[in-house]
Amino acid sequence: MSAAGRPRRGGPGGAAPGYDVALTIADALRLETTRRAHYSDYDLMDAEAPEAHRALDVFADTAAHGEGDAGGVVDFTFKAAGVEELFKSVNRETKLFDRTWGHVRATRKYGDHFAELVFDTSGALRRVKDLPPREIRRQLDEYGLPDPVPWRQFGAYGTGGEFARFLEWQVVHWGDVPAGEVYGHRRSQLSAARKPWRMLEMSTNSVLAERILRTGSRLSFMIDVTGLSSDEAIMYLREVKREYARTRSHDIESGKRGSLPSPGSVMDDIWLPWTSGGPQKPVDVIRMGGEAIGTVDDIKFHYSRYLGALEVPRYMMGIDEDLRSRSATSFIDAAFVRSVVRCRQVYLRGLCSILDRALYAAGFQAALLGDRSSLYVAEFESLKLADEKLR
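Residues numbered from 1 in each chain as written. Predicted model: local features only at pLDDT ≥ 70, side-chain atom pairs only at ≥ 80, totals over all residues. Heavy atoms only, no water.

Asker: Tell me about the overall build of the chain, residues and numbers included.
Answerer: Check the secondary structure of the chain and you find 10 helices and 13 strands. Residues counted as buried form 37% of the 391 residues belonging to the chain. Relative to all contacts within the chain whose residues are 6 or more apart in sequence, the contacts with residues 24 or more apart total 67%. With the model as given, the accessible surface of the chain reaches about 22,800 Å², and the carbon-plus-sulfur share is 54%. (Helix = DSSP H or I, 4+ residues; strand = E, 2+ residues; numbered from the N terminus. Buried < 20%, exposed > 50% of the residue type's maximum accessible area, 1.4 Å probe, protein only. Contact = heavy atoms within 4.5 Å. Areas by Shrake-Rupley, 256 points an atom, 1.4 Å probe, with all protein chains shown as cover.)

Below you can see the structure in the form of structure tokens.
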């Protein structure tokens, strides 16, 4: 059945015809699968979800800086004369090595990171310009092969027209790209946390709204109907309730004073008949928001799923106050370390791709001929955390 012909239920109390709570919730939780939608969610989570923001920071800290000493610094072994001096020159011009943390974090956040290489007329690398991932697309032909000018940049965060094209060697792509795909947005650190985060946000907001809307009080009136028959008591109770429920108002056009019925809501008072010998308290106050209001069990469930999807042990984000629980998280620690090691490998591939092109432009032909090891070897120093967990 089409959306137009789908039957819809009324809202609370039937006051909103055409409003369907189930469909509204489904729409709010539906995840778009486009690459741009992934990037938009990642930006929102980084800006508004402190746990996601902290998880990205912790991951980048561990990958780029290790345990706080020199464990995260890229270690180079130079095997040809002039290579070390060239790398120092590249770093002076581009601050490439100083931007390791930012490049690692961006790659983990989006699953992709792109940079444009700017050379001068002498062939020296002068700038490594970061490009917004949502604006970059790789053009392939009908056979899945790269176009002669494969990299395209589109304005307005990827929604506008094309305004730049780049040759293959002009753009470097960091990304943990799955086999058969072009981009790595599905391998972002935040990818698996998108749905749990939305469900957590909806649950939290619903509890907050319920607390705000139902924190008032209702009155329970006991109306004396002694001596009246059942039918008379019901009619009398209705008349008293109707009179009480009318609110005084002024007509805007005539200026005359009148009365209008107040709208019904969950805050309506309760009217009960009372006869002699019954309860002696004619008016009682019912406090809204008992134990059932604001129950957080569902929030805890979604929060736990959300934290688990972030791939960072809780104690490393300062969430688990009892650090003794670390002894029960060895499996999570090992998975985290493997992710860090894989992230380092992705970063090194991109870094070496930049350095290889700088070497080739400077006359080192072996850099792009598959003989990089004859010029240099780059690797991160091992993590003590990795040695301990993966032993």
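That covers the picture; the talk isn't over yet.
Asker: Describe the packing of helix α3 (residues 50-65) against helix α5 (residues 100-110), naming the residues involved and giving the relevant values.
Answerer: For any two helices packed against each other, the geometry comes down to the angle between their axes and how far apart the axes lie. Contact geometry for α3 and α5: axes closest at 9 Å, N-to-C directions at 130°. Between α3 and α5, the interaxial angle falls into the category oblique. Handedness of the α3/α5 crossing: right-handed. On α5, the residues that touch H53, L56, D57, F59, A60, D61, A63, A64 and H65 of α3 are T100, W101, V104, R105, R108 and K109. (Axes fitted to C-alpha atoms, helices over the stretch in contact; angles between N-to-C directions. Parallel < 35°, antiparallel > 145°, perpendicular 65-115°, else oblique. Left-handed = near helix turned anticlockwise from the far one by under 90°.)

Asker: A description of the packing of helix α2 (residues 35-48) against α5 should follow, citing residues and the corresponding values.
Answerer: Between α2 and α5, the least distance of the axes is 9 Å, while the angle of their chain directions is 120°. Overall, the two elements α2 and α5 adopt an arrangement that is oblique. Contacts from Y39, Y42, D43 and D46 of α2 reach α5 at R105, K109 and Y110. In the contact of α2 with α5, the residues fall into 3 nonpolar, no polar and 4 charged. (Nonpolar A, V, L, I, M, F, W, Y, C, P; charged D, E, K, R; others polar.)

Asker: An account of the sheet that holds strand β2 (residues 112-119) is requested, with residue identities and associated values reported.
Answerer: Two pairing modes exist for strands in a sheet, parallel and antiparallel, and in both the strands are linked by backbone hydrogen bonds. One open sheet holds the 3 strands; their spatial order is β3-β2-β7, and the pairing between them is antiparallel. Edge positions in the sheet fall to β3 (125-131) and β7 (171-175), since each has one partner strand and no second. Across the sheet, the mean angle separating the axes of adjacent strands is 25° when strand polarity is ignored. In the sheet, β2 pairs with β7 via 5 bridges, with the strands oriented antiparallel. Within β7, the residue paired with F114 across the bridge is H173. In the packing of α5 onto the sheet, contacts are made with β2, β3 and β7, and the angle to β2 comes to roughly 135°. (Pairing = 2+ DSSP bridges.)

Asker: Give a description of the environment of D41 that names residues and reports values.
Answerer: Within the fold, D41 resides in helix α2. Separated by 149 residues in sequence, D41 and L190 place their C-alpha atoms 8.8 Å apart. Looking at D41, its side chain comes within polar contact range of the side chain of R198, at 3.1 Å. (Polar contact = N/O pair within 3.5 Å; in protein donor to acceptor, adjacent residues only side chain to side chain.)

Asker: Provide a residue-level description of the sheet that holds strand β6 (residues 162-166), including the pertinent values.
Answerer: Read across the sheet, 3 strands follow the order β4-β5-β6 without closing on themselves; strand pairing throughout is antiparallel. Taken across any chain shown, the strands that pair with only one partner, and hence form the sheet edges, are β4 (136-140) and β6. Across the sheet, the axes of successive neighbouring strands diverge by a mean angle of 30°, strand direction being ignored. With 4 bridges connecting them, β4 and strand β5 (residues 146-154) associate as antiparallel partners. If you follow R138 over to β5, its bridge partner there is W151.

Asker: Tell me about helix α4 (residues 83-94), and name the residues and values.
Answerer: Residues lying three or four places apart along an α-helix face the same way, a consequence of the helix completing one turn every 3.6 residues. For α4, which comprises 12 residues, the first-to-last C-alpha distance of 16 Å matches the rise-based estimate of 16 Å (1.5 Å per residue) to within 8%. For α4, the full list of buried residues reads V83, L86, F87, V90, N91 and T94. In a view along the axis of α4, the buried residues occupy a sector of 135°, so they form one face of it. Opposite its buried face, α4 presents the exposed residues E85 and R92, each directed more than 90 degrees away. Positive backbone phi, at 55°, marks K95, one or two positions downstream of α4. (Expected span 1.5 Å × (residues − 1). Arc of directions from axis to C-beta.)

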